[in-house]
Amino acid sequence: MSDLHVTWDDYHQKIEQLAAQIYRSHWEFNQIVCLAKGGLRVGDAIARIYDMPLAILATSSYRSGKSRSTLVFSRDLTMTTPNLGSHVLLVDDLVDSGVTLQKTIPWLDRHYGFYIEEVRTAVLWYKDCSVIKPDYYVDYLPDNPWIHQPFERYEQMSPADLVSEVGLAEVRSREPETC
């Protein structure tokens, strides 16, 4: 298994390619649900491009970097609409094992099935080892690389590290003046 290193430019380009692919499919959706944390940026960008409501479902299956743990779901969706849309685009950054995406669909059905007519899935990266094939994806990765995304550096950084890195003087110079 190799590693795939992604820059911010690459990352944003992949999001745009995914949005274009969904558009070319002519599928009409009226709700985006993104899986946090990895799918937040993807979901946010697609929601802005399509001008669609965004709901967030917090999930977690990784602890301490690359070690996978038990999948945990938040108790509910966070959304700004009174009800979930009927045609849901479920977005994440990638499918690795695919378990999160696979288990999210029945979770949505159990909690919001009354509203949902159809769910389609969209990710930037689809790994061969996944147990589920997403409806939309930008890159198929047959060799299952570990993906190093540009925001990964923050997972190893503390606030003290950040201040040390950017310098205390620079942080103070950004503070707004009082009126």
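Residues numbered from 1 in each chain as written. Predicted model: local features only at pLDDT ≥ 70, side-chain atom pairs only at ≥ 80, totals over all residues. Heavy atoms only, no water.

Draft legend 1. The packing of aromatic side chains, seen in detail. Applying the stated criterion across every chain yields a total of 11 aromatic pairs. Ring geometry for Y11 versus W125: centroids 6.4 Å apart, planes at 35°, classification tilted. With a gap of 114 residues between them, Y11 in helix α1 (residues 8-24) and W125 in strand β7 (residues 118-127) connect regions that are remote in the sequence. The exposure class of W125 is buried, given its relative accessible area of 1%. In textbook terms, an aromatic cluster arises when at least three aromatic residues are bridged by ring pairs, as seen for W8, Y11, W125 and F151. Directly above the aromatic system of F151 lies the positively charged group of R41, at a separation of 4.0 Å from the ring centroid. (Phe/Tyr/Trp six-rings, centres within 6.5 Å; stacked < 30°, edge-to-face > 60°. Helix = DSSP H or I, 4+ residues; strand = E, 2+ residues; numbered from the N terminus. Buried < 20%, exposed > 50% of the residue type's maximum accessible area, 1.4 Å probe, protein only. Lys NZ or Arg CZ within 6 Å of the ring centre and 35° of its normal.)

Draft legend 2. Here's a closer look at the pairing of strand β2 (residues 31-36). For β2, a buried count of 6 out of 6 residues is recorded, marking the element as mostly surrounded by other parts of the structure. Every second residue of β2 is oriented toward a common face, with Q31, V33 and L35 on one face and I32, C34 and A36 on the other, all of them buried. As judged from the 4 bridges shared by β2 and strand β5 (residues 87-91), these two strands associate in the parallel manner. Its bridge partner being in β5, V33 is matched across the sheet by L90. (Pairing = 2+ DSSP bridges.)

Draft legend 3. Examining the packing of α1 against helix α2 (residues 40-50) more closely. For the pair α1 and α2, the least separation of the axes is 10 Å and the interaxial angle reads 50°. Taken together, the axes of α1 and α2 are oblique relative to one another. Here α1 runs over α2; the crossing is right-handed. Across the interface between the two elements, W8, Y11, I15, L18, A19, I22 and Y23 from α1 touch R41, V42, A45, I46, I49 and Y50 from α2. Residues of the contact of α1 with α2, tallied by class, amount to 12 nonpolar, no polar and 1 charged. (Axes fitted to C-alpha atoms, helices over the stretch in contact; angles between N-to-C directions. Parallel < 35°, antiparallel > 145°, perpendicular 65-115°, else oblique. Left-handed = near helix turned anticlockwise from the far one by under 90°. Contact = heavy atoms within 4.5 Å. Nonpolar A, V, L, I, M, F, W, Y, C, P; charged D, E, K, R; others polar.)

Draft legend 4. Local environment of the environment of I56. In this fold, I56 is placed in strand β3 (residues 54-63). Overall, I56 belongs to the partly exposed group, its relative accessible area being 26%. With 12 residues separating them along the chain, I56 and D44 place their C-alpha atoms 9.6 Å apart. Sequence-distant contacts of I56, defined by excluding residues within four places in its chain, comprise C34, A36, L40, D76, L77 and T78.

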